[in-house]
Amino acid sequence: MIAPNVSDGIGIANLPNQRHKIVAKHGAHFTIMVVGESGLGKTTLVNTLFSTELSPPKNYTRRHHKQLDKLTEVEIIKAELEEKQFKTKLTVIDTPGFGDYVNNRDSWAPIVDFIDDQHEAYMRQEQQPQRKDKIDLRVHACLYFIRPTGHTLKPLDIEIMKRLGTRVNLIPVVAKADTLTQNDLYQFKQRIRETIQAQGIRIYQPPIEPDDEAGAEHARILSEAIPFSIIGSTEDVTTPDGRVVKGREYLWGVAEVENENHCDFRKLRSLLIRTHMLDLISTTEELHYENYRQAQMETRKFGEQKPRKFENPKFKEEEEQLRKRFTEQVKAEESRFRQWEQHLIQERDRLNKDLELAHSAIKALEAELDNLQVGYGRGTNRR
């Protein structure tokens, strides 16, 4: 056994090494959610980020056959990644069906409810006597995919981003950036930043450490790139100069995934994995989860169940349709009743008039009968 060197101090400076051993032994757990309309490359980007096929490509040939559902789904994909003997348990949460319908009202409700339910489930587990095997599906980062329209955010984008920003580390990305020119992309990102600021949408900002100049400069570069313009591709293509890269091949050339002159994929990967993964995890734990826990503890007793919301958007819409149909039927019945009442009034007036005429005729006949009786009496007296 080697005796410790007293000249090295008491050993406090060795704590980071101990922490490194603990983290290396237990590995890490990271949960990422992708939100956006179908066909924006969410699955492709996730597979490109982690250099593996976590999720097979979606089949959109039958996407319009489930219009009757009108509900956003939540799909959970789990995988275990290993790099240099360090293991990471990765959970990817997809939200197929979001924004795919003509009426997208409340389409964000299943997504927001899922995030809140994970905070609730974790808080309930913390209140149990045995807390060893806790299941943690709290979302550490949410990538919101913006369609590259070249204009600005749509009202649906603004509504859900407002709700997500207060619950999760929201990271907006411009999907399929290779469909816009460099000038159009720059103006589009600028409009998105202005809209985010004007609407008060909270998005994740990399922390800037004043004592680390290189890290602070990198954080500034990442912040200035938000929303990240991305190109997703898992295919190898050959560039005109003979290099084999991940990208998309067009008639005019190759759009490279990891070329920072073409898109911000490397910046996004650095933010999510290389430089800020632990900050995303700690921010979820110390900010978003604590905000939820505090809000619940202020309104609920210890151990009390969370009141469930029974308002399903689909049932709510059906209820409104039934209410509308009932109102229309009531109006139709009221209109028919008024017509029937008017008809009865007219029939009553006609009968009253006929009765008056008959009464007048009877009086005339009575008067004529009286005259005849008087004339008959006079003639009898003369005889």
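This text goes with the structure placed above it.
Below is a short write-up of the structure. What you are looking at is a predicted structure, and each value in this text was computed from that prediction instead of being measured.

Below, the discussion takes up the side chain of Lys42. Within the fold, Lys42 resides in helix α2 (residues 42-49). Buried within the structure, Lys42 lacks any salt-bridge partner; Asp94 is the closest side chain of opposite charge, at an N-O distance of 4.6 Å. From its side chain, Lys42 meets the backbone oxygen of Gly36 in a polar contact 3.2 Å long. The contacts of Lys42, once residues within four sequence positions are left out, are Val34, Val35, Gly36, Glu37, Asp94 and Phe145.

What follows covers unusual backbone geometry. In the segment running from Ile226 into Pro227, the intervening peptide bond is cis, with an omega of 0°. Residue position: Pro227 is located in the loop between α6 (213-225) and β6 (228-229). Despite not being glycine, Gln85 shows a phi value in the positive range, around 65°. You can see Gln85 is positioned in the loop between β2 (75-83) and β3 (86-94). Even without being a glycine, Lys176 presents a positive backbone phi close to 50°.

Within strand β5 (residues 170-174), five of the five residues are buried, which leaves the element mostly enclosed by the surrounding structure. As defined by bridge partners, strand β4 (residues 141-146) adjoins β5 across five bridges and the pair is classed as parallel. Following the sheet pairing, Ile146 is matched in β5 by Val174. Assessed by its sense of winding, the connection that carries the chain from β4 through helix α4 (residues 155-165) to β5 is right-handed. The pairing of β5 with β6 spans two bridges and is classified as parallel. When the sheet's bridge partners are listed, Val174 is paired in β6 with Ser229.

So, how was this worked out
- Residues numbered from 1 in each chain as written.
- Predicted model: local features only at pLDDT ≥ 70, side-chain atom pairs only at ≥ 80, totals over all residues.
- Heavy atoms only, no water.
- Helix = DSSP H or I, 4+ residues; strand = E, 2+ residues; numbered from the N terminus.
- Buried < 20%, exposed > 50% of the residue type's maximum accessible area, 1.4 Å probe, protein only.
- Lys, Arg positive; Asp, Glu negative; His and termini not counted.
- Salt bridge = Lys/Arg side-chain N within 4 Å of Asp/Glu carboxyl O.
- Polar contact = N/O pair within 3.5 Å; in protein donor to acceptor, adjacent residues only side chain to side chain.
- Contact = heavy atoms within 4.5 Å.
- Pairing = 2+ DSSP bridges.
- Right-handed = clockwise from strand over helix to strand, strands pointing away.

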